[in-house]
Amino acid sequence: MSYEVPVAPGEEQQDIEFGSSSDHGFPLWEVFVRAKRGLNHTHVGSLHAPDSETAIQNARDGYTRRAEGVSVWVVPSTEIVASDDVTMFEPFEDKPYRHPTFYEIPDEVGQL
Amino acid sequence: MDPDAEEQMFAAVIAADEKIEPRDWMPDGYRSSLIRQMAQHAHSEVIGMQPEANWILRAPTLLRKAILIAKVQDEAGHGLYLYSAAETLGVSRDELQRLLHSGRQKYSSIFNYPTLSWADMGTIGWLVDGAAIVNQIVLQRTSYGPYSRAMVKICKEESFHARQGYSIMMTLVDGSEEQKAMAQDAIDRWWWPALMMFGPHDSESSHTEQSMAWKIKRITNDDLRQMFIDQTVPQAHYLGLTIPDPELAFDEETGHWNIGEIDWEEFWATIQGDGPLNRERIAHKTKAWDDGRWVREGASGYAAKNRSLDKSA
């Protein structure tokens, strides 16, 4: 369903606590689904569960109700290590010679 | 990156119609607008299970019952995708739930109306999910990556919801006089609340301008509502139902259906907690959470025991 509920007259601004207290609940798991044989597992979202076994069960119910997958992985979110620096990926832009299209080959040469 | 470069990158990504991702720098206002909108959206999915769950045990056939269970389960799933997406912004699921239970975060006003007959299951699927689809198809293009991806997944499932609803309506209008009357009564009660789902007029909507600039929102409330009206009026006519609006008229020039004015007093009253069922919905949600405490504690205890056994093994 949808919705953005408008601010009602007199409504208080919410004070949201960031990063607060998920320690009172279940840990967060990242879910990866293999859509069909021959494909990689792909990240689809996350869920909360007390342990890996329950996380797998919940991932099945939460993310594959319509045959969206043949296998799931769950990984504790805290175990994911991510790159932080977008400039890390910039050097590729000045190395066009790494791509096959950089090289002009005459049509007569055929498949290459 | 230095702060100026981060801000420029944010602006460039938005301008290029690309997606902002969780670890990107973003303005505080962008983050809090998204949390607010995604949380309300997630809460709506979860509270939205109540009016329909009300009819699971009274569904007219076993097939209709299985369909309704599948639909209600989907709503729980949609809540999950949205909470999951909201959590990427650094807010915890527990915190969002606290904000819902304490009434500080809201959900769509539509779920504060009662479901009085089986025909309401038809109208909810057809009109309420129909309105949701119009809104959500556009939100697939929202600028925040996780929200956009959640919308793509939800839209795929939502079309089943609308079609099963319309199928209920087709069966009813094909039935006895009593069944036809039930279908008409349902649209009489749900038509206006469904139109209210799109929110106040653009001129009254405090969030629209900034949300449009950030591309969180892509089309305004009034334009979305008009899209919904134009697609739904012919569907009602196909069923032989009357839309409860004496001012409803087709405008040959614009090609749009014009409607009478929405009862905004009712809308604001419902938003502010005085709809027919606001208190019951939250009381039921809070009770379900409290009643489930022993299950959560048991599951956590079992997981902790297994972890300590693994260590000692």
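What you are looking at is a predicted structure, and each value in this text was computed from that prediction instead of being measured.

*Asks:* Give a description of the overall build of chain A that names residues and reports values.
*Replies:* A count of helical and extended segments in chain A gives 1 helix and 3 strands. Overall, chain A shows an N-to-C arrangement of helices and strands of β-β-α-β. The burial tally for chain A puts 31% of its 112 residues in the buried class. Contacts spanning at least 24 positions in sequence make up 42% of the contacts within chain A whose residues lie at least 6 apart.

*Asks:* Residue-level account of a nonpolar patch on the surface, with values.
*Replies:* All names here are of chain A. Residues Tyr97, Phe102, Tyr103, Ile105, Val109 and Leu112 make up a contiguous nonpolar surface patch of roughly 650 Å² in combined accessible area. Here Phe102 lies in the segment after β3 (71-76). Under the relative-accessibility criterion, Phe102 is labelled partly exposed at 44%.

*Asks:* If you had to explain the layout of surface pockets to someone new, which residues and values would you point to?
*Replies:* It is a probe the size of a water molecule, rolled over the atoms, that shows where empty space is left. When its volume is computed, the largest pocket comes out at roughly 1,600 Å³. Secondary-structure elements contributing two or more residues to the lining of the largest pocket are β1 (28-34) and β2 (41-48) of chain A together with α4 (62-87) and α7 (145-173) of chain B. Looking at the lining of the largest pocket element by element, the count peaks at 7 residues for α7(B). When grouped by side-chain class, the residues that make up the lining of the largest pocket number 22 nonpolar, 14 polar and 13 charged. The computed volume of the second largest pocket comes to approximately 1,400 Å³. Lining of the second largest pocket is provided by 36 residues; of these, Arg93(B), Gln97(B), Lys285(B), Trp289(B) and Arg296(B) occupy positions nearest its centre. Counting residues per element, the ones that place at least two in the lining of the second largest pocket are β2 and α1 (52-63) of chain A together with α3 (49-53), α4, α5 (93-101), α12 (278-291) and α13 (293-312) of chain B. By residue number, the principal contributor to the lining of the second largest pocket is α4(B), which donates 7 residues. Here the residues of the lining of the second largest pocket are counted per class, giving 13 nonpolar, 14 polar and 9 charged.

*Asks:* Just give me the short version of the interface of chain B and chain A, but keep the residues and values in it.
*Replies:* Frequently, the measure chosen for interface size is the accessible area that the parts lose on association. Each side of the interface is counted separately: chain B has 61 residues, and chain A has 39 residues. When the two sides are added together, the surface that chain B and chain A hide from each other amounts to roughly 4,000 Å², 54% of it contributed by carbon and sulfur. The largest per-residue losses of area from chain B upon contact with chain A belong to Arg23(B), Arg36(B) and Leu80(B), which jointly make up 13% of the total buried on that side. Inspection of the chain B/chain A interface yields 6 salt bridges. Residue Glu157(B) is joined to Arg65(A) by a salt bridge in which the shortest nitrogen-to-oxygen separation is 2.9 Å. Looking at the side of chain B that touches chain A, the elements with two or more residues in it are α2 (28-47), α4, α5, α6 (119-139), α7, α11 (264-274) and α13 of chain B. Ranked by residues supplied to the side of chain B that touches chain A, first place goes to α4(B) with 10 residues. Residues that form the side of chain B that touches chain A fall into these classes: 21 nonpolar, 19 polar and 21 charged.

*Asks:* Before we move on, can you summarise the pairing of β1(A) with the specific residues and values?
*Replies:* Residues and elements named next belong to chain A. Of all 7 residues in β1, 5 are buried; the element is thus mostly enclosed. Where β1 lies against β2, 7 bridges are found, and the strand directions are antiparallel. By the bridge assignment for β2, Val33 is matched with Thr42. Hairpin connection from β1 to β2: 6 residues lie between these consecutive antiparallel strands, with Gly38 at a positive phi of about 100 degrees.

*Asks:* Tell me what's going on with the packing of aromatic side chains, and back it up with residues and numbers.
*Replies:* All names here are of chain B. Applying the stated criterion across every chain, the model contains 15 aromatic pairs over all chains. Centroid distance Phe198 to Phe228: 5.5 Å. Interplanar angle 40 degrees. Geometry classified as tilted. With Phe198 in the loop between α8 (177-196) and α9 (208-213) and Phe228 in helix α10 (residues 221-239), this residue pair connects regions lying 30 residues apart in the sequence. Of the two residues examined, Phe198 and Phe228, each falls in the buried class. With 5.1 Å between their ring centres and 75 degrees between their planes, Phe267 and Trp268 make a pair best called edge-to-face. In this structure an aromatic cluster arises from ring pairing among Phe10, Trp25, Tyr30 and Trp214. Directly above the ring of Trp55 sits Arg58, whose terminal nitrogen or CZ lies 4.0 Å from the centroid.

Quick notes on the rules
Residue positions within a chain follow its written sequence, with the count starting from 1. Each chain takes a letter, starting from A, and each ligand takes a number, starting from 1, following the order in which they are written. At least 70 in pLDDT is required for a residue's local features to be given in this predicted model, at least 80 for side-chain atom pairs to be given and counted, and no such filter applies to totals for whole chains, interfaces and linings, which use all residues. Side-chain figures throughout are based on the complete set of non-hydrogen atoms in the structure, without hydrogens or water. Here a strand is any run of E in DSSP of at least two residues, a helix any run of H or I of at least four, and the numbering for each starts at the N terminus. Accessibility here uses a 1.4 Å probe with only protein chains present; expressed as a share of the type maximum, an area under 20% marks a residue as buried, one over 50% as exposed, and anything in between as partly exposed. Whether two residues are in contact is decided by their heavy atoms, any of which lying within 4.5 Å being enough. To count toward a patch, a residue needs a relative accessible area over 30% and no salt bridge; like charges are then connected within 9 Å, while nonpolar side chains (Val, Leu, Ile, Met, Phe, Trp, Tyr) are connected within 5 Å. Using the Shrake-Rupley algorithm and a 1.4 Å probe, accessible areas are obtained, with residue cover drawn only from the displayed protein chains. Each salt bridge in this description consists of a side-chain nitrogen of Lys or Arg and a carboxyl oxygen of Asp or Glu lying within 4 Å of one another. Throughout, the protein atoms alone are placed on a 1 Å grid, and a set of points is a cavity if a 1.4 Å probe fits but cannot get out or a pocket if it is open with protein on both sides within 12 Å along at least five of seven lines; lining residues have an atom within 4 Å of a point. Grid points are joined across faces, edges and corners, and a volume is the space filled by probe spheres set on the points. For this scheme, ten residues count as nonpolar: Ala, Val, Leu, Ile, Met, Phe, Trp, Tyr, Cys and Pro. Four count as charged, namely Asp, Glu, Lys and Arg, and the remainder, Gly too, count as polar. Values labelled buried area give the accessible surface lost by two parts on being combined, using a 1.4 Å probe and summing over both. Should DSSP find at least two bridges between two strands, the strands are taken to pair. Only rings of Phe, Tyr and Trp enter the pairing, Trp through its six-membered ring, and a pair is recorded when the two centres are within 6.5 Å. The plane angle decides the type: under 30 degrees is stacked, over 60 is edge-to-face, the rest tilted. In this scheme, the term charge over a ring applies when either NZ of a lysine or CZ of an arginine sits within 6 Å of the ring centre and within 35 degrees of the ring normal.

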